[in-house]
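# Observations on chain architecture
Each chain, letter by letter, is given below.
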Amino acid sequence: MPKRPEKISSPSTDQGSSEIKKTTQESSITRREFLGATEGIFTSVALGKSKEVEVWFNQLVGQTEKARGAGRKIRFEILYTPHTSRKYLEGFREKVERADIYIPEALGWDQELAVDFQAVANGTMRPDEFFKKRGWHSKNRPYYSFELAELEYIHGSGKFVRFIDAPLESELFNRYIEIKSRADKLDLMQNSENLIDAFKEFIRDSAILHKEREQYMLSKLKILSDDISHGRISGLQTTREPRILLNLGAGHTGIYHELVKSGNEASRSFNPMPYIFSFPATEMIRRYLFDKEVSEELAIRTLAGLVLSSALTTEFTWPSEDILTRDIFIKKAVNKLSIHDIKEGFGQTRTSSQPSWVLVASLLINKLSKRGIYIPKSEKELDDFLHSQP
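Below, the structure is looked at part by part.

### A short note on the pairing of strand β2 (residues 101–104)
Judged by which residues are buried, β2 turns out to be covered on both faces: Ile101 and Ile103 on one side and Tyr102 and Pro104 on the other are all buried. Here β2 pairs with strand β3 (residues 160–161) via two bridges, running parallel. Of the residues in β3, the one forming a bridge with isoleucine 101 is phenylalanine 160. Of the strand pairs in this sheet, β2 and strand β4 (residues 243–249) are connected by four bridges, and their pairing is parallel. Residue pairing in the sheet places tyrosine 102 in a bridge with leucine 245 of β4.

So, in structure tokens, the structure goes:
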């Protein structure tokens, strides 16, 4: 197990002298200049010229910080995973061991979460204690398997944990909640054309927020990099090539591209490979992010996928702990429906006295059953379907 970062102790007189000597050399200050400046300090103090002392000291500190960061190369490593099962963290422990700082994806985090995450990394809190404190368990956390494994792998590692995502009390997080709530408010009584237009606007706004969130994360990474370069993180001042490990969902590949574009040392990996962007809305969001056209067919199929996803989450017990398989099932199933089938399902809902998303889902599930596609009740049924469909 890697050693935890040691606390920085006060240097002895000899250590302090050698540090000053090293700093002055790196700062291009000759010994004579340093001694001369030191003599100037005492003279200024004697004459009461405190302002001159302050100016000299600030210049020296600035040069020292610049020298301390000179030549240090920060390396970023990003692991892209679905966050749906612990099996997608294969090889994660080794990545943590190589890293100096670990950054999890945590939209809506707060200070208590950050403190407890660090406590787990320090080994002073167990992963099960972390979950118990929040009342989290497998029944109320769809990503429980993944989150538990993540904490188990960093437990006792002694790594620094930092958060760069939008926190709970931020304007970005409030907008995320507002946009997310709009999905349930889409008017099912409007005709198909208006419904699709409203849905496309909802996804477009989600994509805009997604991009702003990534810019926020990049700005926090810049601040963290500056703190490392200028020796402001105790325990990393002498690390020649600090390594930062980020664990993000695959929808955030923009973070990697921006880091590389800015001249940073960055690498990335995906698990599993080949990677499947399975969440129903991911393809639409990515098309909006890269300014690509979103067809009516893609929008209709995405809407149908989200309706089925909601129903399978609330109305059915999914046979696998890996909910990525649910999204893959939905994607394959929806592709078996014609556009006419999907529009007809929404049309029949409009004639109902009690239109609802559950009703739409039941109508779509009925149309799937007519094509021999049923909601799997066991892992075997699920595997058989997934391996039989292209």
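### Brief notes about the pattern of salt bridges
Per the counting criterion, the structure on display carries 27 salt bridges. The shortest N-O distance in the salt bridge between glutamate 171 and arginine 175 comes to 3.8 Å. Within this pair, glutamate 171 and its partner arginine 175 are both found in helix α8 (residues 171–182), separated by four residues, close to a single helical turn. On the accessibility criterion, arginine 175 (24% relative accessible area) is partly exposed. Between lysine 261 and glutamate 258 there is a salt bridge; the shortest N-O distance is 3.4 Å. In this pair, lysine 261 and glutamate 258 both sit in helix α10 (residues 253–261), three residues apart, roughly one turn of the helix. On the accessibility criterion, lysine 261 (66% relative accessible area) is exposed. Salt bridges sharing partners connect three or more residues here, namely Lys73, Arg75, Glu241 and Glu265.

### Some points on the packing of aromatic side chains
Applying the stated criterion to the full structure yields 15 aromatic pairs. Ring geometry for phenylalanine 131 against tryptophan 136: centres 5.9 Å apart, planes inclined by 70 degrees, an arrangement best described as edge-to-face. On the basis of relative accessibility, which here comes to 24%, the residue tryptophan 136 falls in the partly exposed class. Relative to tryptophan 357, the ring of phenylalanine 346 has its centre 6.5 Å away and its plane inclined at 80 degrees; by these criteria the two rings are edge-to-face. Note that phenylalanine 346 is positioned in helix α14 (residues 339–350) and tryptophan 357 in helix α15 (residues 357–369), a separation of 11 residues in sequence. There is no split in this pair, since phenylalanine 346 and tryptophan 357 are both buried.

### Quick look at the nonpolar core
Ranked by size, the top nonpolar core spans 49 residues in total, and within it Ile203, Met284, Leu303, Leu308, Phe329 and Phe346 carry the most contacts. Those elements giving two or more residues to this core turn out to be α8, α9 (192–229), α11 (282–289), α12 (296–314), α13 (324–334), α14, α15 and α16 (379–388). Here this core takes nine residues from α12, the largest share from any one element. When neighbours within four sequence positions are excluded, phenylalanine 346 is seen to be in contact with Leu188, Leu195, Leu303, Val307, Trp357 and Val360. Core analysis: the next-biggest nonpolar cluster, separate from the first, contains 26 residues, Phe92, Phe117, Phe131 and Ile154 among them.

### So, the packing of α12 against α14
In contact at an axis separation of 10 Å, α12 and α14 are set at 55 degrees when each is read in the N-to-C sense. Comparing the axis directions of α12 and α14 gives the class oblique. Both α12 and α14 take part in a crossing whose hand is left-handed. Packed against α12, whose contacting residues are Glu296, Glu297, Ile300, Arg301, Leu303, Ala304 and Val307, the element α14 presents Ile339, Ile342, Lys343 and Phe346 at the interface.

### Regarding the environment of proline 127
Tracing the backbone through its elements, the reader meets proline 127 in helix α6 (residues 127–134). For proline 127, a relative accessible area of 9% translates into the label buried. In this structure, the C-alpha to C-alpha distance between proline 127 and alanine 149, residues 22 residues apart in sequence, is 8.8 Å.

Rules and cut-offs
- What you see as residue numbers is a count from 1 along each chain, following the sequence as written.
- The predicted nature of this model means local features are confined to residues of pLDDT at least 70 and side-chain atom pairs, given and counted, to a pLDDT of 80 or more, with totals for whole chains, interfaces and linings taken over all residues.
- Heavy atoms throughout the structure, all of them, feed into the side-chain values; hydrogens and water do not.
- The classification of residues rests on relative accessible area computed with a 1.4 Å probe and restricted to protein chains. Under 20% of the type maximum is buried, over 50% is exposed, and intermediate values are partly exposed.
- Strands here mean DSSP runs of E at least two residues long; helices mean DSSP runs of H or I at least four residues long; both are numbered from the N terminus.
- When DSSP finds two or more bridges between a pair of strands, those strands are recorded as paired.
- Think of a salt bridge as a Lys or Arg side-chain nitrogen and an Asp or Glu carboxyl oxygen that are within 4 Å of each other.
- Stacked, tilted and edge-to-face are the three classes assigned to paired rings of Phe, Tyr and Trp, where Trp is represented by its six-membered ring and a pair needs centres within 6.5 Å; plane angles under 30 degrees give stacked, over 60 edge-to-face, the rest tilted.
- Side-chain atoms within 4.5 Å are what join buried Ala, Val, Leu, Ile, Met, Phe, Trp, Tyr and Cys residues into a set we call a nonpolar core.
- Pairs of residues are marked as contacts when any of their non-hydrogen atoms sit within 4.5 Å.
- All axes are obtained by fitting lines to C-alpha atoms, using only the stretch in contact for helices, and the reported angles, taken between N-to-C directions, cover 0 to 180 degrees.
- Small angles under 35 degrees read as roughly parallel and large ones over 145 as roughly antiparallel, with 65 to 115 read as roughly perpendicular and the rest as oblique.
- Each crossing gets its handedness from the near helix: less than a right angle anticlockwise from the far helix is left-handed, clockwise is right-handed.

Purely spatial values, then, with no claim about function.
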